[in-house]
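# Observations on chain architecture
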Amino acid sequence: MTPVLPMRVLALCLGNICRSPVAEALLRRELAAQGVEAVVDSAGTGDWHVGRPADPRSIEVARRHGVRLSGRARQLLRRDFADYDLILAMDSQNAAEARALAGSPGAAARVRLMRDFDPLAPGADVPDPYLGGKESFESMYEMLERSAREFARQAARPQSAVHADRI
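Reading the values: rules and limits
- Residues numbered from 1 in each chain as written.
- Predicted model: local features only at pLDDT ≥ 70, side-chain atom pairs only at ≥ 80, totals over all residues.
- Heavy atoms only, no water.
- Buried < 20%, exposed > 50% of the residue type's maximum accessible area, 1.4 Å probe, protein only.
- Helix = DSSP H or I, 4+ residues; strand = E, 2+ residues; numbered from the N terminus.
- Pairing = 2+ DSSP bridges.
- Axes fitted to C-alpha atoms, helices over the stretch in contact; angles between N-to-C directions.
- Polar contact = N/O pair within 3.5 Å; in protein donor to acceptor, adjacent residues only side chain to side chain.
- Contact = heavy atoms within 4.5 Å.

Residues of strand 3 (residues 86–89) alternate between two faces, with L86 and L88 on one and I87 and A89 on the opposite face, all of them buried. The sheet contact formed by strand 1 (residues 7–13) and strand 3 spans four bridges and is parallel. Opposite A11, over in strand 3, you have L88 as the bridge partner. Sheet analysis places strand 3 next to strand 4 (residues 111–113), joined by three bridges and oriented parallel. Its bridge partner being in strand 4, A89 is matched across the sheet by L113.

The structure is reproduced here in structure tokens:
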């Protein structure tokens with residue numbers, strides 16, 4: 001019998017300080033709650049914040065909801081397409097930049113939008129809250145929580161389309 005490997009998921013946004021660190025933490029929490037063994041990380045398409053912690057406003061909104069953010073920003077690399085089964089981009093621009101870096105159609109097919117799994121707005125972007133206020137970060141959190149919960153629910157079903165993307 002072949003052992004089942006953990007699902008490998010990468011959350012992706014622009015700078016890896018606002019949206020993707022929150023998505024990473026929520027995906028990790030929701031997948032664990034569904035009993036899905038997974039490796040979850042996050043990255044950004046840009047390099048402006050490499051090595052820095054998450055934005056204090058993301059840390060605060062997560063903390064208010066009982067979620068702890070850890071880790072440091074890093075940039076998406078071509079090898080991430082070999083290391084991760086799915087790359088969940090926060091918006092269509094992030095997805096386009098990731099697909100351009102992918103190197104092959106098969107690798108590019110691993111990129112999906114995070115909100116493809118949002119039951120209230122499938123396929124919509126998670127707006128970047130960076131220039132917004134507290135409400136922007138709360139709204140971001142709510143979108144990501146819904147999306148992560150649905151993603152995990154689907155991942156818990158072996159016949160789910162989520163698993164079709166796994167290598």
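Let us now look at the sheet that holds strand 1. With parallel pairing, four strands are arranged side by side in an open sheet as 2-1-3-4. Either end of the sheet is taken by a strand with one partner, and the two such strands are strand 2 (38–44) and strand 4. For this sheet, the mean inter-axis angle between neighbouring strands, taken without regard to orientation, is 25°. Where strand 1 meets strand 2, seven bridges bridge the pair, whose relative direction is parallel. Across the sheet, the residue bridging to L12 is A43, located in strand 2.

Here we take up the side chain of E150. Residue placement: E150 occurs in helix 6 (residues 134–155). Accessibility expressed as a relative area gives 16% for E150, which makes it buried. At a separation of 2.9 Å, a polar atom in the side chain of E150 contacts the side chain of Q154.

Here V39 is to be found in strand 2. Under the relative-accessibility criterion, V39 is labelled partly exposed at 41%. Along the primary structure V39 and I59 are separated by 20 residues, whereas in three dimensions their C-alpha atoms are 21 Å apart. In this structure, V39 is in contact with P6, M7, R8, V9 and Y84, ignoring residues within four places of it in sequence.

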